There are 2 protein chains.
Amino acid sequence: MQRYFLDDLYENTDNIKLTGEDFHHAIHVMRMTPGSQCYVSFADEVTVVAELQSVSDDTAFLTEVSKEEMKKELPCQVTIACGYTKGDKLELVAQKGTELGMAELIGFPAQTSVVKWDGKKLAKKEQRLSKICKEAAEQSHRQQQPKVKLLDTFAKLLKLAVSYDKVLVAYEESAKTGEKSAFVEALTTCRPGQRVLVIFGPEGGIAPREIEQLMQRNGTLCGLGPRILRAETAPLYVLAAMSYQWELLG
Amino acid sequence: MQRYFLDDLYENTDNIKLTGEDFHHAIHVMRMTPGSQCYVSFADEVTVVAELQSVSDDTAFLTEVSKEEMKKELPCQVTIACGYTKGDKLELVAQKGTELGMAELIGFPAQTSVVKWDGKKLAKKEQRLSKICKEAAEQSHRQQQPKVKLLDTFAKLLKLAVSYDKVLVAYEESAKTGEKSAFVEALTTCRPGQRVLVIFGPEGGIAPREIEQLMQRNGTLCGLGPRILRAETAPLYVLAAMSYQWELLG
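About the criteria used
Residues numbered from 1 in each chain as written. Chains lettered and ligands numbered in written order. Predicted model: local features only at pLDDT ≥ 70, side-chain atom pairs only at ≥ 80, totals over all residues. Heavy atoms only, no water. UniProt positions renumbered as here; feature names shortened; annotations may be inferred. Helix = DSSP H or I, 4+ residues; strand = E, 2+ residues; numbered from the N terminus. Rg over C-alpha atoms; globule rule 2.2 N^0.38 Å. Buried < 20%, exposed > 50% of the residue type's maximum accessible area, 1.4 Å probe, protein only. Contact = heavy atoms within 4.5 Å. Areas by Shrake-Rupley, 256 points an atom, 1.4 Å probe, with all protein chains shown as cover. Lys, Arg positive; Asp, Glu negative; His and termini not counted. Charge placed at Lys NZ, Arg CZ, Asp CG, Glu CD. Buried area = accessible area lost by both parts, 1.4 Å probe. Salt bridge = Lys/Arg side-chain N within 4 Å of Asp/Glu carboxyl O. Polar contact = N/O pair within 3.5 Å; in protein donor to acceptor, adjacent residues only side chain to side chain. Nonpolar A, V, L, I, M, F, W, Y, C, P; charged D, E, K, R; others polar. Arc of directions from axis to C-beta. Pairing = 2+ DSSP bridges. Axes fitted to C-alpha atoms, helices over the stretch in contact; angles between N-to-C directions. Phe/Tyr/Trp six-rings, centres within 6.5 Å; stacked < 30°, edge-to-face > 60°. Lys NZ or Arg CZ within 6 Å of the ring centre and 35° of its normal. Core = buried A, V, L, I, M, F, W, Y, C linked by side-chain atoms within 4.5 Å.

Looking at an unreviewed UniProt entry, chain A carries the name Ribosomal RNA small subunit methyltransferase E, with the source organism given as Vagococcus vulneris. For chain A, the Function (unreviewed entry) comment in UniProt is given as "Specifically methylates the N3 position of the uracil ring of uridine 1498 (m3U1498) in 16S rRNA. Acts on the fully assembled 30S ribosomal subunit."

Caption draft 1: Focus on the overall build of chain A. When helices and strands are tallied, chain A shows eight helices and eleven strands. Here the C-alpha atoms of chain A give a radius of gyration of 20 Å, agreeing with the 18 Å that 2.2 N^0.38 yields for 250 residues. Overall, the C-alpha framework of chain A stretches about 60 × 45 × 30 Å when taken along its three principal axes. Counting all 250 residues of chain A, 55% fall into the buried class. Summarising the internal contacts of chain A: among those between residues at least 6 apart in sequence, 76% fall at separations of at least 24. As presented, chain A carries roughly 11,100 Å² of accessible surface, and 49% of it is formed by carbon and sulfur atoms. If the 31 positive side-chain charges of chain A are averaged to one point and the 34 negative ones to another, these points end up 7 Å apart.

Caption draft 2: Seen up close, the interface of chain A and chain B. Contacts between the two partners involve 44 residues from chain A and, on the opposite side, 44 residues from chain B. For the pair chain A and chain B, the two sides together bury roughly 3,700 Å², of which 59% comes from carbon and sulfur. On the chain A side of the interface with chain B, the three residues burying the most area are A:R227, A:Y244 and A:L248, jointly 21% of the side's total. At the surface where chain A touches chain B, the tally comes to six salt bridges. Across the pair A:E99 and B:R230 runs a salt bridge, and its minimum N-O distance is 3.4 Å. If you look at where chain A meets chain B, you find 23 residue pairs in polar contact (both at pLDDT 80 or more). Looking at the side of chain A that touches chain B, the elements that each hand over two or more residues are α2 (89–99), α3 (119–139), α5 (172–176), α6 (181–189) and α8 (234–249) of chain A. Here the element with the most residues in the side of chain A that touches chain B is α8(A); it accounts for ten residues. Per-class residue counts for the side of chain A that touches chain B are 19 nonpolar, 13 polar and twelve charged.

Caption draft 3: Structural context of the side chain of A:T79. By the secondary structure assignment, A:T79 is in strand β6 (residues 77–83). For A:T79, a relative accessible area of 3% gives the class buried.

Caption draft 4: Up close: helix α7 (residues 208–216) of chain A. All names here are of chain A. Where α7 is concerned, the buried positions are E210, I211, Q213 and L214. Here the buried residues of α7 occupy an arc of 165 degrees about the axis, which is enough to place them on one side. Facing away from the buried side of α7, by more than 90 degrees, are the exposed residues P208 and Q216. For α7, the secondary structure elements touched by its buried residues are α4 (154–161), β9 (166–170), β10 (195–200) and β11 (219–222). N218 sits one or two residues past α7 and shows a positive phi near 65 degrees.

Caption draft 5: Quick peek at the sheet that holds strand β1 (residues 3–5) of chain B. All names here are of chain B. Sheet architecture is open: five strands sit in the order β1-β3-β4-β5-β2, paired in mixed fashion. The strands lining the two open edges of the sheet, one partner per strand, are β1 and β2 (16–18). Each adjacent strand pair in this sheet contributes to an overall mean axis angle of 45 degrees, direction not counted. Here strand β3 (residues 37–41) runs beside strand β4 (residues 47–55); their pairing, made up of five bridges, is antiparallel. Opposite C38, over in β4, you have A50 as the bridge partner.

Caption draft 6: Inspection of the pattern of salt bridges at higher detail. Scanning all chains against the criterion turns up 34 salt bridges over all chains. Across the pair A:K131 and A:E135 runs a salt bridge whose closest N-O atoms are separated by 3.6 Å. A residue pair is termed a helical-turn pair when its members lie 3 or 4 positions apart in one helix, as A:K131 and A:E135 do in helix α3 at four residues. In this structure A:E135 comes out as partly exposed when scored by relative accessible area, which is 40%. A salt bridge links A:E138 to A:K134; its shortest N-O distance comes to 3.0 Å. Of this pair, A:E138 and A:K134 both sit in helix α3, four residues apart, which is roughly one turn of the helix. On the accessibility criterion, A:K134 (19% relative accessible area) is buried. Each of A:K96, A:E99, B:R230 and B:E232 takes part in one network of salt bridges that share partners.

Caption draft 7: Representation of the UniProt feature "domain: Ribosomal RNA small subunit methyltransferase E PUA-like" (unreviewed entry) in chain A. In the numbering adopted here, UniProt assigns the feature "domain: Ribosomal RNA small subunit methyltransferase E PUA-like" (unreviewed entry) to residues 18–63 of chain A. Between the C-alpha atoms that bound residues 18–63 of chain A there is a distance of 11 Å. The span itself is 22% helix and 41% strand.

Caption draft 8: Fine view of the packing of aromatic side chains. Here the structure, examined in full by the defined rule, presents nine aromatic pairs over all chains. Here the aromatic rings of A:Y10 and A:F42 are separated by 5.4 Å at their centres, their planes lie at 75 degrees, and the arrangement is edge-to-face. Within this pair, whereas A:Y10 is found in the loop between β1 (3–5) and β2 (16–18), its partner A:F42 is found in the loop between β3 (37–41) and β4 (47–55), the two being separated by 32 residues in sequence. When the ring of B:F108 is compared with that of B:F154, the centres are 5.7 Å apart and the planes differ by 55 degrees; the resulting orientation is tilted. Here B:F108 is found in strand β7 (residues 104–108), whereas its partner B:F154 is found in helix α4 (residues 154–161), with 46 residues between them in sequence. We note that B:F108, like B:F154, is buried. Each residue in the set A:F183, A:Y244, B:F183 and B:Y244 is aromatic and connected to the rest through ring pairs, giving one cluster. Geometry around B:Y39 places B:R3 over its ring, the cationic atom sitting 4.3 Å from the centre.

Caption draft 9: Structural view of the nonpolar core. Residues A:I80, A:F183, B:I80 and B:F183 are the most contacted members of the largest nonpolar core, which totals 89 residues. Excluding residues that lie within four positions of it along the chain, A:I80 makes contacts with A:V93, A:M102, A:E104, A:L105, A:I106, A:V198, A:F200, A:P235 and A:L239.

Here it is, written out as structure tokens:
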């Protein structure tokens, strides 16, 4: 059953409206007619099964049938922050990260980032990545649609970092030396509702000066097992491990 | 430092030879000269640091300098078996699965597989996927190069299944109902050295008749958390969770 994400909070569910692209998708792609049902997820993650009542030229009107009781979101809000990489790797992280439960995707220019994106390019990229996250959220039955923020300086990442409950830094050198307790320690001490920021370097890794600055913001260096993971693979490892630790081992 | 995989067992290390593509890569791409070093992984996973001694027209002669002591392979041999999917999804599983520690990749035609590949096409695909695995194994510092087998019938998968210590079947319906203990149970009861086969359906899932046949071969149905993962994402989730359980939690 199709799923739509609304920016509104859950409130008056006798009056659920789909407009814009969602309207187009529901009526023209899914060909919903009065009586058809879909999921509607609100900004506060409440999700309902809704039934189409009537359709105007640009709005579909639905009412709530029942609530989706099963919890689909990771118990902690996980933000994945990736240094800008070459090619479309960030698109892979957007899609797979959404399937794996990421709450937010941040991109930032790292010292070793080869690509240089200006404001206009960043805005366009941000839009594209948001669309990928939205589609993946619908397909993977999320109750929340990951937000995307593409930063233009590393300093902005440092500024954001202080607002998180935990800051983890995936660090290849930790992996190479066989360090394995920091990541487990971080995951097993997280409490439901906490906000976790996990930072990944681009292909060239995170520079010593950047590591130092992140450490000053309470960053914890984490190794992710003995194999060297590519820049776009490491975030997927982290999210899968979090799901395993928090949702399956519990 | 570059890594090469040899088909020989570790034995006479005063006489390590690189030939064919490895020779070409070492001498013409990496421009190794006498005294240069690289890793050489043997078929039995023994890995050494080796030093180039001399070069003939088609062979590079190396000797062992030291052993790579750190264990880079998952403690269990994990085979990932994917139903044939559309597009190049199997290539993503080959690359990322190798980084994440997969020992072997099997493809099979499932009832819901849309693509139909004949013998010639399968042989070509197998070659391409093997190449992707080899390159990913070198980059991710593996000590073993994953094997690739593309089967032409589901019956062959069933026949192979009986030779594994554990057979797990990723099952979307288990995920939907919130089942979460079977996968944890399977991972925590695996003993080092055991061979584990994990089976994933294509986009359309695994048909009831196929599930039934796998259950008759001691297959265990496993849910992988509450979100619906795409066909190519589920294997990455499983491998990351295995690494977390076996290599980090230990």
